[in-house]
Amino acid sequence: MEYTLTYSNLVSGWPSFYSYMPDWMIGMNSYFYTFKGGNLYRHNVNPLRNNFYGDPYKSTITSVFNDAPTTNKLFKTLSLQGDDTWAATSIVTDIQNSGFIDADWFEKKEQVYFAFVRNSGTVPAGTDEYALRSLNGVGRSQTVLGPAAATQIDFSISPLIQIGSIASIGDYLYYSLPPYTTPILCGQITSIIQNYPAGDNYFVVDTTIPGGAVPPIQNAYFLYIKNSIAESHGVLGHYAVFTLENDNTSKIELFAVESDVMKSFP
């Protein structure tokens, strides 16, 4: 990707990268002019933002949260102090995985735009995602039955294998076959039934989603990963590099970016 760089005598560096690529540029009489495709353009003289030579672009900012760099931390949220939301297209740490936030997920609270960081998970999950806090084990199933679009995964009541209250509709269920070392995507949970007096303790799973499969045995070991959009535990790392994007065509300002961070204990 090509950029136009600007040099600042004030900071003795290159502070900005511009998306447009002119054929020629010149400053004259306190105005900045460029030539593109045989046409002459004068910059910074109209209210239209993120548009050069009639083509739309996005403003992008990349920075880092690096307080206490030797401490493992969970980066839970982003808070934007400004007059518009930005999309956090990438929140990357050095340890585990990356996150993101869509622009319309931000909520304005006390003049600050606030949102939780979502994990950039994949379905099926990659091996680097198995250590996430959003993964929870259940146990070995008792029976597996029903059609592929509504497969019923039953668990024992005596002795009790408790599904628990953390699992939710929309989470992704995985199974593992002996020797129980490799998780395999089963499908997406569509129903959770826990009625012990009636003898019910099971998931209903849609195994027809891309990559899903019905377990070939009755007593596979099951675990689930929370839906990264509906629920996120943040991103883990010593630091977090974030990238914000905005395509607003009006003038906006961004004053500060903050994150709610908590220390991570092994």
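Just above, that's the structure.
Owing to the predicted nature of the structure, the values given are computational and were not obtained by experimental measurement.

**Student:** Can you walk me through the overall build of the chain in this structure?
**Tutor:** Per the secondary structure count, the chain includes 0 helices and 26 strands. Rg of the C-alpha trace for the chain: 25 Å, well past the compact-globule value of 18 Å for 266 residues, more than 25% over. Overall, the C-alpha framework of the chain stretches about 85 × 40 × 35 Å when taken along its three principal axes. Surface summary for the chain: the accessible area is close to 15200 Å², and the carbon and sulfur share equals 53%. Counting 14 positive and 23 negative side-chain charges, the chain places the averaged centre of each group 5 Å from the other.

**Student:** Even after reading the chapter, I still don't get the environment of Pro183, so can you show me in this structure?
**Tutor:** Within the secondary structure, Pro183 is located in strand S20 (residues 183-195). Linking Pro183 and Tyr224, residues 41 residues apart in sequence, is a C-alpha distance of 9.8 Å. The contact partners of Pro183, leaving out residues within four places of it in the chain, are Tyr130, Tyr174, Tyr175 and Ser176.

**Student:** What exactly am I supposed to notice about unusual backbone geometry here?
**Tutor:** Glycine aside, the phi torsion of most residues is negative, and most peptide linkages are trans. Pro124 follows Val123 through a cis peptide bond whose omega is 0°. Looking at where Pro124 falls in the secondary structure, it is placed in the loop between strand S15 (118-119) and strand S16 (135-140). The amide bond that connects Pro178 to the next residue, Pro179, takes the cis arrangement and shows omega of 10°. For Pro179, the location among the structural elements is in the loop between strand S19 (172-176) and S20. Its identity as a non-glycine residue notwithstanding, Tyr53 has a phi of 55°, on the positive side. Note that Tyr53 resides in the loop between strand S6 (51-52) and strand S7 (55-56). Using a relative accessible area of 18% as the deciding quantity, one classes Tyr53 as buried. The phi dihedral of Tyr180 is positive, around 60°, even though this residue is not glycine. With respect to the secondary-structure elements, Tyr180 resides in the loop between S19 and S20.

**Student:** Quick question: what am I supposed to make of a nonpolar patch on the surface here?
**Tutor:** Taken together, Met1, Tyr3, Leu5, Tyr7, Trp14 and Phe17 make up a surface patch of nonpolar side chains, about 780 Å² in accessible area. For the nonpolar patch, the secondary structure elements donating two or more residues are strand S1 (4-8) and strand S2 (13-18). Looking at the secondary structure, you find Met1 in the segment before S1.

**Student:** Is there a simple way to think about the sheet that holds S20 in this case?
**Tutor:** Taken together, 7 strands build an open sheet; the order of strands is S16-S22-S19-S20-S21-S18-S17 and the sheet is antiparallel. Each having just a single partner strand, S16 and strand S17 (143-145) make up the two edges of the open sheet. Averaged over neighbouring strand pairs, the angle between their axes works out to 35° when direction is ignored. Two elements, strand S18 (residues 151-154) and strand S21 (residues 200-206), share 4 bridges in a ladder whose sense is antiparallel. Within S21, the residue paired with Ile153 across the bridge is Phe203.

**Student:** It is not clear to me how the pattern of salt bridges should be interpreted in this structure. Could you clarify?
**Tutor:** When the charged atoms of two side chains lie near each other, side chains of opposite charge can form a pair. Enumeration over the complete set of coordinates arrives at 2 salt bridges. Here Glu245 ties to Lys58 by a salt bridge, and the two come within 3.7 Å at their closest N and O atoms. Of this pair, Glu245 sits in strand S24 (residues 240-246) while Lys58 sits in the loop between S7 and strand S8 (59-65), and the two are 187 residues apart along the sequence. For Glu245, a relative accessible area of 24% corresponds to the partly exposed category. Here Lys58 falls in the partly exposed class, since its relative accessible area comes to 48%.

Rules used in this analysis
- Residues numbered from 1 in each chain as written.
- Predicted model: local features only at pLDDT ≥ 70, side-chain atom pairs only at ≥ 80, totals over all residues.
- Heavy atoms only, no water.
- Helix = DSSP H or I, 4+ residues; strand = E, 2+ residues; numbered from the N terminus.
- Rg over C-alpha atoms; globule rule 2.2 N^0.38 Å.
- Areas by Shrake-Rupley, 256 points an atom, 1.4 Å probe, with all protein chains shown as cover.
- Lys, Arg positive; Asp, Glu negative; His and termini not counted.
- Charge placed at Lys NZ, Arg CZ, Asp CG, Glu CD.
- Contact = heavy atoms within 4.5 Å.
- Buried < 20%, exposed > 50% of the residue type's maximum accessible area, 1.4 Å probe, protein only.
- Patch = residues over 30% accessible without salt bridge, like charges linked within 9 Å, V, L, I, M, F, W, Y side chains within 5 Å.
- Salt bridge = Lys/Arg side-chain N within 4 Å of Asp/Glu carboxyl O.
- Pairing = 2+ DSSP bridges.
- Axes fitted to C-alpha atoms, helices over the stretch in contact; angles between N-to-C directions.

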